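So you can see what is in the structure, the chains are spelled out below.
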Amino acid sequence: MHLDLNLLTALDALLEEGSVAGAADRLHLSAPAMSRTLGRIRRATGDQILVRTGRTMTPTPHALAVQSEVHDLVQRARAALAPERELDLATLDRVFTLRGHDAVTVAIGPRLLDAVQHQAPDVSVRLLAEPSGDTNDLRHGQVDLEIGSTEPELPEIRTELLGHDELVVAMRPENPLLRGRMTVARFAGADHVIVSRRGRLSDPVDVTLDGLESPRRVVASAPTSTAALYFVRHSDLVVAVPQHMCHDTIESLGLRTKSIPLDIPPVPLYLAWHQRYDNDKAHAWMRGVVREAFAGLYRRP
């Protein structure tokens, strides 16, 4: 039996892109050539691999079953054929694109950029805001690393739990709510601003308060944590924010915090990347820089 190993590379691209056009673009082939390759894969496997459902294409159960194995085989083949090189940070010339919540960017940005400047002076970093909706930017290579509170569902996306963060109530020192014990009634009775990049006027805190029959008054939403904290600095509004992520901004603005009198689980923080970078030494270094920047937040007095 003659085995064309090029079909593995094509199959890997087809399953990741979920379309003939996307796979063709990745492999620098024409769409007709990619369609012919898909036909050869179907004949070799005895399976349709991708079937059309409306305007999109859906992988078959067999395709889903072999996707991870196919990708690993392609990655191992590339590693075997590529020359082994040591990572030289002093000469590394690369741009890394990181995306995350604004509070995360503010919290780890100074430590991350300081490490990059000292370890790899020719590396540049693009820090992007969270999008308003879900994207496939990790899959398409437009984002190298993403930091968020939810785990991506795509099977080819790797995740690492960086830690958890507790929500606290931030307010200005003159706010009457700062005096005395924080109760559910006092918390719910305050005027609130919430953080929502989509402009929503409710969040999981409201779900908990509604369950206790203690709804709150949300005066406004702000697109970023920093904006919300500035609003709080100049009024008697309060805002619930992650304690570690917003620590420096809270300190800079001279705000005060109190624990939220609700049973709200800590917010998890995940680092996510596409599996194509698993064996990329430069990418692994950047993951380590992000990891260390987060660890510094928790070591802070």
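Scoring rules and cut-offs
- Residues numbered from 1 in each chain as written.
- Predicted model: local features only at pLDDT ≥ 70, side-chain atom pairs only at ≥ 80, totals over all residues.
- Heavy atoms only, no water.
- Helix = DSSP H or I, 4+ residues; strand = E, 2+ residues; numbered from the N terminus.
- Buried < 20%, exposed > 50% of the residue type's maximum accessible area, 1.4 Å probe, protein only.
- Contact = heavy atoms within 4.5 Å.
- Polar contact = N/O pair within 3.5 Å; in protein donor to acceptor, adjacent residues only side chain to side chain.
- Salt bridge = Lys/Arg side-chain N within 4 Å of Asp/Glu carboxyl O.
- Expected span 1.5 Å × (residues − 1).

(A) Looking closely at the environment of Asp203. As for its position among the elements, Asp203 is in the loop between β8 (191–195) and α7 (204–211). When its relative accessible area of 24% is taken as the criterion, Asp203 is described as partly exposed. Counting along the chain gives 64 residues from Asp203 to Val267, while the straight-line C-alpha distance between them is 13 Å. In contact with Asp203, other than residues within four places in its own chain, are Ile194 and Arg216. Reaching out from Asp203, the side chain makes a polar contact with the backbone nitrogen of Val205 at a distance of 2.9 Å.

(B) Spotlight on the pattern of salt bridges. Applying the stated criterion across every chain yields a total of 14 salt bridges. Residue Asp137 pairs with Arg99 through a salt bridge whose shortest N-O separation is 2.8 Å. Separated by 38 residues along the polypeptide, Asp137 in the loop between β4 (124–129) and β5 (145–148) and Arg99 in strand β3 (residues 95–100) bring together distant segments of the chain. Judged by relative accessible area, Arg99 falls into the buried class, the value being 6%. Arg291 is the salt-bridge partner of Glu160, the closest N and O atoms lying 2.6 Å from each other. In this pair, Glu160 is assigned in strand β6 (residues 157–165) and Arg291 in helix α10 (residues 281–299), connecting sequence segments 131 residues apart. Judged by its relative accessible area of 36%, Arg291 falls in the partly exposed class. Salt bridges here are not isolated pairs; linked through shared partners, they connect Glu16, Glu17, Arg26 and Arg276.

(C) Seen up close, α10. Between the first and last C-alpha of α10 there are 27 Å, a value that for 19 residues agrees with the 27 Å anticipated at 1.5 Å per step. If you check which residues of α10 are buried, you get Ala282, His283, Trp285, Met286, Arg287, Val289, Val290, Ala293, Phe294, Gly296 and Leu297. Residues of α10 that are buried in the fold lie against β3, α5 (102–119), β4, β5, β6 and β12 (267–274). If you check the start of α10, you find a side-chain oxygen 3.0 Å away from the backbone N of Ala282, and it comes from Asp280.

(D) Up close: unusual backbone geometry. Even without being glycine, His28 reaches a positive phi, approximately 60°. Mapped onto the elements, His28 comes out in the loop between α2 (20–27) and α3 (31–45). Residue class for His28 comes out exposed when judged on its relative accessible area of 73%. Even without a glycine there, the phi angle at Ile49 is positive, about 65°. If you trace the backbone, Ile49 turns up in the loop between α3 and β1 (50–53).

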